[in-house]
Amino acid sequence: MRVWRVFSVLFTLYMLIRKRERFLFLSPLSPEKLLQYITLLGASFIKLAQVLATRNDFFPPPYLTKLKILHDELPPMDAKTMQKVFDRAYGRDPFYRFEKEPIASASIGQVHEAWLDEQTKVAVKLRREGIEKQVKADIRILTSFNALFRPLFSHYTKHSIEAVISEFSSMILKEVSLNQERANLIKFSETYADMHVDFPTAYEALSCDDALVMSFEEGYRFDDAEALKANNIDIIPLIKTLVKFYTEQMLVRGFFHADPHPGNLLVSKEGKLILLDFGMVKRVPNDTRIAIIELIKAANEQDYERYVSASKRMGTVAYDAPTAELAEFTERMFEIFNNDALDSSSMQELAFEVLEQTRNLPFKLPQEAIYILRVSAIIEGLGTTYIENFNGIKDILPILQDNIPRALGAKESIVETIIDEFKTLPLDVRAFRNAIYRISEENLSVELSKPQLEVLEKSFKESLSPVITGIVLMISSLFVLMYDHALENYALVLFGAGVLRLLFRKG
């Protein structure tokens, strides 16, 4: 039954990506049924669906709506299983008091209240029994089915789907390790200690791979508008803090929390932001970070060709994609989101219409971009909860633009920046002299970028495919003739088909 549900979910996703309503006698699941199956399949597929929910170009609005409301919440472990995990983690109970009824239960683990003494309250996260084994099995099933469906898709769609599956598999295997989560929490707390955001404190001596003990952080959910209003907490400065915080993470330091959904974002009674759950923490490679900065700068200046060029460097647009056509598409999208006369639903409707017209353009989804897009979508969703017609282009871009000098390594003052530049001048001069020397010695090597290599690989495969097919058909005709001379006509047809395939290949 599990394998059938996995097949049904993946078949539906692939059919939606291909914009097909039927294949042979099979139809995709309805949005409601898809949501039900994903929930029943548990951790792996909930996480995968949450990643896919960022792809407006893959799925029609009814499915996106269902995927976006998918919560990572499951019934808790039964008392006997919970006790088994607890005993494996501790042997002897180290707590002054431990509440056996969990206060939260997600796909990876569940959280309990506990006390180290009469005053010190902590949160204890217990990992679900057998979750690591289940996740590894799910990844094997997912990879097998992907190999089955792979031939049905274009070159760029294949790359996007494989990037999603590869990144998802890597991330969820890290997320099921509470040791990894503890390390992420400690590193994050140290890196962003100056950002005016609170984090739990990990109790390392009481933690292991099956249990993570942290200080108990109390507050209101970021999306609980009524509670925030009742406690006279102004949400607008908090949204600005959140945007600035994520700008620092993704553009300046390249180390970011990839799962800022409302359940992981709390607001204290004092009006301070609290961030929880560090299972999904990512590093942004430096070249991707620079590409994002260029993308933001081009977007803020509405330089659409430079925006497309930065998108190619980031890997979200194929290297050989038509720049002029994509620049026109980008300009239309910006016009929609900059139109103050449109409400959020009208913007979305118009944006989907434009995306529908451009679905055959070679868009891609590299691994590095998956969680960046997801984080951007979540933050924009949180903004729309409180600010009417809030959107990333109008409201977030100026904040990002203000942080670009720091992201590129500029100091707080111009004097400090100039001093830094002078310090690196001798190294720059030496590098320049080395380059001139190599040119004069005819020893200058040129390194192709990954996107260029992908284009060459694609062209090579397209050129080679008809040649291989033609040769196989011609050799097959010889085998048919050797097997039975009476099949001479069939052999001639195969040989002729092979010759035609060689003669009428592309290019």
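Refer to the structure printed above.
All figures in this text were calculated on a predicted structure; none of them were measured in a lab.

S.K.: Before we move on, can you summarise the overall build of the chain with the specific residues and values?
M.R.: On a plain count of helices and strands, the chain comes out with 19 helices and 10 strands. For the chain, the residues scored as buried account for 43% of the 507 residues in total. When contacts within the chain are restricted to residue pairs at least 6 apart in sequence, long-range pairs at least 24 apart make up 66% of them. Of the roughly 27500 Å² of accessible surface on the chain, a fraction of 56% belongs to carbon and sulfur atoms.

S.K.: Which residues make up helix H12 (residues 304–314), and what values do they have?
M.R.: Within the sequence span of H12, burial applies to Tyr304, Val308, Ala310, Ser311, Lys312 and Met314. Gly315 occupies a position one or two residues after H12 and carries a positive phi of about 100°.

S.K.: I'd like a rundown of the side chain of Arg182, residues and numbers included.
M.R.: Structurally, Arg182 can be placed in helix H8 (residues 178–191). As a buried residue without a salt bridge, Arg182 has its nearest oppositely charged side chain in Glu204, at a separation of 4.2 Å. Polar side-chain contacts of Arg182 include one of 2.8 Å to the side chain of Asn179. Setting aside its immediate chain neighbours within four residues, Arg182 contacts Ala202, Glu204, Ser207, Cys208 and Leu212.

S.K.: Which residues make up a nonpolar patch on the surface, and what are the values?
M.R.: A cluster of nonpolar side chains, namely Ile471, Ile475, Leu478, Phe479 and Met482, defines an oily patch on the protein surface of about 530 Å² accessible area. Considering the arrangement of structural elements, one finds Met482 in helix H18 (residues 450–483). Of the residues examined, Met482 reaches a relative accessible area of 65% and is grouped as exposed.

S.K.: Can you explain the sheet that holds strand S9 (residues 273–275)? Please cite residues and give values.
M.R.: Ordered in space as S6-S8-S9, the 3 strands form an open sheet in which the pairing is antiparallel. Each edge of the open sheet is held by one strand with a lone partner, namely strand S6 (220–221) and S9. The pairing of strand S8 (residues 265–267) with S9 spans 3 bridges and is classified as antiparallel. Residue pairing for S9: Leu265 is matched across the bridge by Leu275. Lying on the sheet, helix H10 (residues 235–253) is in contact with S8 and S9; it crosses S9 at an angle near 40°.

S.K.: So what's going on with the pairing of strand S4 (residues 121–127)? Which residues, and what values?
M.R.: Judged by how many residues are buried, S4 sits mostly within the fold: 6 of 7 residues are covered. With 7 bridges connecting them, strand S3 (residues 109–115) and S4 associate as antiparallel partners. For Gln110, the partnering residue across the bridge sits in S4 and is Leu126. Counted along the chain from S3 to the antiparallel partner S4, the turn is 5 residues long. Here S4 pairs with strand S5 (residues 211–215) via 5 bridges, running antiparallel. Paired with Val122 across the bridge in S5 is Ser215.

S.K.: An account of the packing of H10 against helix H11 (residues 286–301) is requested, with residue identities and associated values reported.
M.R.: For the pair H10 and H11, interaxial distance at closest approach is 8 Å and the crossing angle is 120°. Here H10 contributes Met250, Leu251 and Val252 to the contact with H11, which in turn contributes Arg289, Ile292, Ile293 and Ile296. Residue composition of the contact of H10 with H11, grouped by class: 6 nonpolar, no polar and 1 charged.

S.K.: Summarise the nonpolar core; cite the residues concerned and give the values.
M.R.: Residues Phe188, Phe199, Phe222 and Phe245 are the most contacted members of the largest nonpolar core, which totals 48 residues. Ranked by residues supplied to this core, first place goes to H10 with 9 residues. Among the nonpolar cores identified, the runner-up in size contains 36 residues, and Tyr14, Leu34, Leu67 and Ile172 belong to it.

S.K.: Break down the pattern of salt bridges for me, citing the residues and quoting the values.
M.R.: For the coordinates displayed, the defined rule picks out 16 salt bridges. The salt bridge involving Asp223 is made with Arg221; its shortest N-O contact spans 3.1 Å. Overall, the relative accessible area of 29% leaves Asp223 in the partly exposed class. Between Asp303 and Arg306 there is a salt bridge, with the nearest N and O atoms lying 3.1 Å from each other. By relative accessible area, which is 31% here, Arg306 ends up partly exposed.

S.K.: I'd like a rundown of the packing of aromatic side chains, residues and numbers included.
M.R.: Overall, the coordinates contain 16 aromatic pairs when judged by the stated rule. With 5.3 Å between their ring centres and 55° between their planes, Phe188 and Phe278 make a pair best called tilted. Of this pair, Phe188 sits in helix H8 while Phe278 sits in the loop between S9 and strand S10 (281–283), and the two are 90 residues apart along the sequence. Assessed through its relative accessible area of 0%, Phe188 is described here as buried. A relative accessible area of 1% means that Phe278 is categorised as buried. Judged by centre distance (5.8 Å) and plane angle (65°), the rings of Phe245 and Tyr246 are edge-to-face. For the pair Phe245 and Tyr246, one class covers both residues: buried. Each residue in the set Phe188, Tyr192, Phe199, Phe245, Tyr246, Phe255 and Phe278 is aromatic and connected to the rest through ring pairs, giving one cluster. Across the ring face of Tyr37, the terminal group of Arg5 is positioned such that the distance to the ring centre comes to 5.8 Å. Between Lys121 and the ring centre of Phe216, over which it is positioned, the NZ or CZ distance is 4.0 Å.

Quick notes on the rules
- Residues numbered from 1 in each chain as written.
- Predicted model: local features only at pLDDT ≥ 70, side-chain atom pairs only at ≥ 80, totals over all residues.
- Heavy atoms only, no water.
- Helix = DSSP H or I, 4+ residues; strand = E, 2+ residues; numbered from the N terminus.
- Buried < 20%, exposed > 50% of the residue type's maximum accessible area, 1.4 Å probe, protein only.
- Contact = heavy atoms within 4.5 Å.
- Areas by Shrake-Rupley, 256 points an atom, 1.4 Å probe, with all protein chains shown as cover.
- Lys, Arg positive; Asp, Glu negative; His and termini not counted.
- Salt bridge = Lys/Arg side-chain N within 4 Å of Asp/Glu carboxyl O.
- Polar contact = N/O pair within 3.5 Å; in protein donor to acceptor, adjacent residues only side chain to side chain.
- Patch = residues over 30% accessible without salt bridge, like charges linked within 9 Å, V, L, I, M, F, W, Y side chains within 5 Å.
- Pairing = 2+ DSSP bridges.
- Axes fitted to C-alpha atoms, helices over the stretch in contact; angles between N-to-C directions.
- Nonpolar A, V, L, I, M, F, W, Y, C, P; charged D, E, K, R; others polar.
- Core = buried A, V, L, I, M, F, W, Y, C linked by side-chain atoms within 4.5 Å.
- Phe/Tyr/Trp six-rings, centres within 6.5 Å; stacked < 30°, edge-to-face > 60°.
- Lys NZ or Arg CZ within 6 Å of the ring centre and 35° of its normal.

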